[in-house]
Every structure is written in C-alpha cells, then in structure tokens.
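Analysis of the macromolecular model
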Amino acid sequence: MPDEKIKAIYGVRDVLPDEADRWQTIISTVYRKSESYNYNFIMPPIFEATELFARGIGEISDIVTKEMYTFKDQGGRSLTLRPEATASVVRAYIEHSLGAAKGLVKVWYAGPMFRQERPQAGRYRQFYQFGAEAIGSLDPVLDAEVINLNYDILKDLGVDDLTLEINSIGMPEDRKAHREAFIQYVEPNLKKYCQDCQRRFGSNLLRMFDCKENSCQDLLSEAPVVFDYLLDENRRHFDEVLKYLEIADLQFTLNKRLVRGLDYYTTTAWEFKSGKLGSQDSVSGGGRYDLLVEQLGGPPTPGIGFAAGVERILMAMPSGTETSDREKFGFFIAVGDQKFRAEAFKLLNAIRSIGLPADIDYLGRSLKGQMKQANKSGLSYALILAESEVAAGKVAVRNMRNSKQFELAMIDIYKAKDAEELGDLIETGQR
Ligand code: HAM
C-alpha cells in the first residue's frame, strides 16, 4: 500500500509562487513606507518564554487561555509560538535598553504569528502580520503618526472600502469609575447573557462589548462605556489625537464600544475594517499600551503601535497581474543541440551577473519544447544557440512577444557591463 500523502496542518496555508508578486508588493510597500516615517526594522524571534505572552497579552485573554501554541522544549521550558509581536518587541526594547540611546524608539516588523483559532475565511492558525511600534512618548501627535502610517500602507496597497474606527478605552483610573456603573447595568440581567459573557463579567468585563452574539449586543445596547468616564487628562489626549487625524485628513468614526482582544491596551485604540471582507473584516488594529513596558519589567514607558494581517489585505486588495502573465526583461537560453549547453551555461551566468533574469532548460527538452518553456517563463527574449550561429560566433535572439528574430555577436553580449547596455544592444539589433 502506498504511503498516505502528508498534508499541511489544518488552518495553515501555503503561499504558492503565483502569489509571489503580491507578497513582494506588500512587503516592499511596508518597508518603503515605514522607513519614510523613520521606523527601523526589527526582527524578534518566533518563539518566546510562555510567560512573556501571559504577562503581556493578559492571563485571562482569549489568546492566552485558548489560542496559544505552547510546548515544552527538551529542557522542560515552556515556550510559545508568538501569537503577536508587540510583547516581543517590548521585551527586546527592555532587554537591550533600546530606549537609552534614542529616547523614542520607532520600529517596524513583519512575520508569521500563530493562534489556534477556529479557521475560516480570513482566519488562519499561522498568519502573517506586519506592524510598527513607537515606544517612549505620550505625544498625541505620535498617535496620529502611527495611525497615519497604518492607513498610508493600506491605501498604497489599494485596500478598498476602508473605515477607521477609533475609541479611547482609558487608563485603569478611568475604568474604575466605569466598572461600577457597568456592573450595575449588567448584573440584574446577567443570566440572559451567553456563557462566555458571564465568564467575562467575572474577569474581563470590557471584552463583553466584543461578543459576537446578537442577543448580548442587544442587552448591552444602553450599557455605559469607558469613553464617557474618561478623566480630563485622558479625554484631552484623545481630543488632541482626533484633532491631528483631522489635520492629516484622515476620516474616522468614533466607536465608543470598540474594545480590543489584547489586555495591554490603554487610551487610544483603533481598527481599520474593509467592506471587501466578510465576518473577519478587521484588516488591522492597534492602540496605546502605556503600562506594558513596566508590566514586563522595564521602566515606566508609554508605547503605541499597530499590526495588520497580510492574508486579509490580499483578500481586500485589487487583483494584480500574476507572475506567470507578466513579462520581465530577461532571457531564456535555448540550445539547438545539447553540445552547446556549456556555452549556454556561460551565457546564463553572464546575464545573471549583470542583474538580469535568465533561465535555461533542465529537462532535456527539444528546441521546440524549450521555446514553449521560454514562452511560459514570462521572460521577454529567447537566446538560441544553434549550429550555424554558434559557428559564426553568434546567437539568435527571439522577441517572445512578436516572434521576430535577429542575430547578435556573442562577444557583444559578454561585453555588456549592465542591464542598460544589454538593453541598448537588443534595441539596436531589433532595428
Ligand atoms: P490584533 O488585532 O490581534 O492585534 O491583530 C492585528 C491583525 O492581524 C488583525 O486586524 C488581522 O488582520 C490579523 N489577524 C489576527 N488574527 C488573525 C488570524 N487568526 N488569521 C489571519 N489574520 C489575523 C495585534 O496583534 C496587536 N499586536 C497589534 C498591535 C501592535 N497593537 C499595538 N501594537
């Protein structure tokens, strides 16, 4: 009996070569935009001590209680595949005293995250995020900068039908006053809420606003929100943030019921949603975490950041031209006889060494087969090494778009010092 095929784990997906162009566009856009806002690249590891996430994201958050990939290593240490990167960035910030030299540290990152959620469209167990963090300032202009960077990247990628929802979920002192009013509102009807909400009521009551059950949302329709209990200082901060968003020409909706799934958030919190997505409509989210550095053992230091999900962006982005359809200025080298393979290999390396794409057949195809392959490769020209041309020190050049053919001296191709020179040579040969 043949062995069964091994398949990818439930809830993960392969990124196949036909998506490569779109991934490259996303990552290069994130790189370009983040650097233009003066954020520097950081790359924390993919696994960390479990305690980092328990302390950072919150012992009673859904992520920590239900969704983490946690395992013991050979030394019996409890490790976890990161469900997000903010806790890791803050750990690195503290561990390497990144704030000491700079005051304000601005970084960006991209990479896979892991959450054992129920998979569905736009929700995976391994997914890819990019994000940015700014650690060390309470300035409301910084809130506007981070939100603007978040927006700028999504806009540049053509993510459609975007809305920005924003809220202030306050500091512990604001939540204290709200808590009492909220308990008074919910308690008389507590039994009517779903099991999850009843549990959240005892531990993490703000998360009740995020319940997906319509009946719970109906029950909460008049519930007091933290926003209405903000102390003057925190209210003023938020008003300033909104003022700077207006100056940046960013449209937003104040959603006083917006809460986030991670417990480290304080004051400003936001989400970008896209109407192009189904129930998982949040493309990115972020907020302030002014107590997190201290909670993880560092000096009291405010922070703010966001992360966006690449799989969701791919769903909301206009579809581009796939690699296989796109024509690249480059060369497929074909041989009329296998004896010319050494020359072909030399030519291949010469073209690649000046930075141009080039390829060759590795399956012993006939010349006809190689030309078919050249066509599929998306490379714009074929260089054909056949008996009569090689004998004259020449190579036949075929324009794959219009099938027109001409000859070039091999020596001239080798002499080309860069892509431009070879381009000129081809141009002249075609005339
Ligand atoms: P988050 O809201 O948990 O925030 O995730 C940010 C984004 O990651 C979501 O808006 C979504 O696009 C994507 N995402 C989350 N879970 C999944 C999943 N299972 N499958 C596919 N995509 C997913 C954070 O992670 C915070 N660290 C953001 C942040 C940075 N806050 C401050 N700094």
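To keep things clear, this report deals only with the structure shown in the data block.

Here is what the cut-offs are and how they apply
- Counting from 1, residues in each chain are numbered in the order their sequence is written.
- Local features in this predicted model are restricted to residues whose pLDDT is 70 or higher, and side-chain atom pairs enter the listing and the counts only when it is 80 or higher, whereas totals over whole chains, interfaces and linings include all residues.
- Hydrogens and water molecules were not included; the side-chain quantities draw on all heavy atoms of the structure.
- Helix numbering and strand numbering both begin at the N terminus, where a helix is a DSSP run of H or I of at least 4 residues and a strand a DSSP run of E of at least 2.
- Note on classification: 1.4 Å probe, protein chains only; a residue is buried when its accessible area is under 20% of the maximum for its type, exposed when over 50%, partly exposed between these limits.
- By definition in these notes, contact holds between two residues if any of their heavy atoms fall within 4.5 Å.
- Note that accessible areas follow from Shrake-Rupley with a 1.4 Å probe, and for residues the cover is restricted to the protein chains shown.
- When charges are tallied, Lys and Arg are placed among the positive residues and Asp and Glu among the negative ones, while His and the ends of the chain are skipped.
- Charged side chains are reduced to one point each, which is NZ for Lys, CZ for Arg, CG for Asp and CD for Glu.
- The criterion for a residue being near a molecule or strand is simple. One of its heavy atoms has to lie within 4 Å of it.
- Here a polar contact is taken to be a pair of N or O atoms separated by no more than 3.5 Å, where protein atoms must pair a possible hydrogen donor with a possible acceptor and residues adjacent in sequence count only if both atoms sit in side chains.
- Note on residue classes: Ala, Val, Leu, Ile, Met, Phe, Trp, Tyr, Cys and Pro are nonpolar, Asp, Glu, Lys and Arg are charged, and everything else, Gly too, is polar.
- Pairs of strands are assigned from DSSP output, requiring at least two bridges between the strands.
- For helices, the fitted line uses only the C-alpha atoms of the stretch in contact; every axis is such a line through C-alpha atoms, and the angle between N-to-C directions lies from 0 to 180 degrees.
- In this analysis, the expected span of each helix is defined as 1.5 Å times one less than the number of residues it contains.
- Two rings belonging to Phe, Tyr or Trp (six-membered ring only in the last case) form a pair when the distance between their centres is within 6.5 Å. Interplanar angles under 30 degrees mark stacking, angles over 60 mark edge-to-face geometry, and anything in between is tilted.
- Charges are assigned to positions over rings by a cutoff of 6 Å between ring centre and Lys NZ or Arg CZ, combined with an angular limit of 35 degrees from the ring normal.
- The term salt bridge refers to a pairing of a side-chain nitrogen on Lys or Arg with a carboxyl oxygen on Asp or Glu at a separation within 4 Å.
- Only buried residues count toward a nonpolar core. Its members are Ala, Val, Leu, Ile, Met, Phe, Trp, Tyr and Cys residues joined through side-chain atoms within 4.5 Å.

**Some words on the overall build of the protein chain**
On a plain count of helices and strands, the protein chain comes out with 17 helices and 16 strands. Its C-alpha atoms give the protein chain principal-axis dimensions of roughly 95 × 60 × 45 Å. Every one of the 431 residues in the protein chain was classed for burial, and the buried ones make up 49%. Partitioning the intrachain contacts of the protein chain with sequence separation of at least 6 by distance along the chain shows that 68% fall at a separation of at least 24. As displayed, the protein chain has an accessible area near 21,900 Å², and 50% of this comes from carbon and sulfur atoms. Seen as two clouds, the 55 positive and the 63 negative side-chain charges of the protein chain have centres 4 Å apart.

**Remarks on the site of the ligand**
Around the ligand there are 27 residues in total, and Glu84, Glu117, Arg260, Tyr265 and Val283 lie nearest to it. Here a nitrogen atom of the ligand sits 2.9 Å away from a polar atom, N or O, in the side chain of Glu133. Measuring from an oxygen atom of the ligand, one finds a backbone N or O atom of Gly309 at 3.2 Å. In the complex, 96% of the free accessible area of the ligand, which totals 650 Å², lies under the protein chains. Looking at the shell around the ligand, the elements with two or more residues in it are strand S6 (126-135), strand S10 (282-288) and strand S11 (303-309). Counted by class, the shell around the ligand contains 10 nonpolar, 10 polar and 7 charged residues.

**Digging into the sheet that holds strand S2 (residues 47-49)**
Taking strand neighbours across the sheet as the criterion, the 3 strands line up as S2-S4-S3 in an open arrangement whose pairing is antiparallel. Every interior strand has two partners, whereas the edge strands, S2 and strand S3 (69-72), have only one. Looking at each pair of strands side by side, their axes are set apart by 35° on average, direction ignored. As defined by bridge partners, S2 adjoins strand S4 (residues 78-81) across 3 bridges and the pair is classed as antiparallel. From the neighbouring strand, Phe47 faces S4, where its bridge partner is Leu81. In the packing of helix H2 (residues 50-57) onto the sheet, the strands contacted are S2, S3 and S4, and the crossing angle to S2 comes to about 80°.

**Some points on helix H6 (residues 140-156)**
With 17 residues, H6 should reach 24 Å at 1.5 Å per residue; the first-to-last C-alpha distance of 24 Å fits that figure. Directly beyond the C-terminal end of H6, a positive phi value near 75° is found at Gly158.

**So, the packing of aromatic side chains**
Under the definition given, this model contains 13 aromatic pairs. With centroids separated by 5.1 Å and ring planes inclined at 85°, the aromatic side chains of Trp23 and Tyr128 adopt a geometry described as edge-to-face. One end of the pair, Trp23, is in helix H1 (residues 20-36); the other, Tyr128, is in strand S6, with 105 residues separating them in the sequence. Chaining the aromatic ring pairs together yields one cluster made of Tyr31, Phe41 and Trp108. Lying over the aromatic face of Tyr124, Arg13 brings its terminal NZ or CZ to 5.7 Å of the ring centre. The ring of Tyr414 carries Lys346 above its face, with NZ or CZ at 5.3 Å from the centroid.

**As for the sheet that holds strand S12 (residues 328-335)**
Taking strand neighbours across the sheet as the criterion, the 5 strands line up as S13-S12-S14-S15-S16 in an open arrangement whose pairing is mixed. In this open sheet, the two edge strands, each paired with only one partner strand, are strand S13 (358-360) and strand S16 (405-409). Strand-to-strand twist in this sheet, taken as the mean axis angle between neighbours without regard to direction, amounts to 30°. Pairing analysis gives 3 bridges linking S12 to S13, with the strands arranged parallel. Following the sheet pairing, Phe332 is matched in S13 by Asp359. Packed onto the sheet, helix H17 (residues 419-430) meets S12, strand S14 (379-385), strand S15 (394-399) and S16 and runs at close to 130° relative to S16.

**A word on the pattern of salt bridges**
Within the structure shown, the criterion is met by 29 salt bridges. Linking Lys33 and Asp152 is a salt bridge whose minimum nitrogen-to-oxygen distance equals 3.6 Å. Taken together, the positions of Lys33 in helix H1 and Asp152 in helix H6 put the pair 119 residues apart, joining distant regions of the chain. The exposure classification of Lys33 matches that of Asp152, with both residues buried. Lys273 is the partner of Glu165 in a salt bridge, and the nearest nitrogen-oxygen pair spans 3.5 Å. Residue Glu165 is located in strand S7 (residues 162-168), and its partner Lys273 is located in strand S9 (residues 266-274); the two are separated by 108 residues in the primary sequence.

**Regarding the environment of Asp337**
The topology assignment puts Asp337 in the loop between S12 and helix H13 (341-353). Accessibility expressed as a relative area gives 32% for Asp337, which makes it partly exposed. As for Asp337 and Leu385, which are separated by 48 residues in sequence, their C-alpha atoms are 7.9 Å apart. Within the structure, Asp337 has its side chain in polar contact with the backbone nitrogen of Lys339 (distance 2.9 Å).

**What about the nonpolar core?**
Residues Phe130 and Ile313 are the most contacted members of the largest nonpolar core, which totals 58 residues. If you tally residues by element for this core, the top one is H6, at 7 residues. Residues contacting Ile313, with those up to four places away along its chain left out, are Ile26, Phe130, Leu154, Leu157, Val159, Val283 and Ala308. In terms of nonpolar packing, the next biggest core, distinct from the first, is built from 31 residues, Tyr109, Phe127, Tyr264 and Val293 among them.

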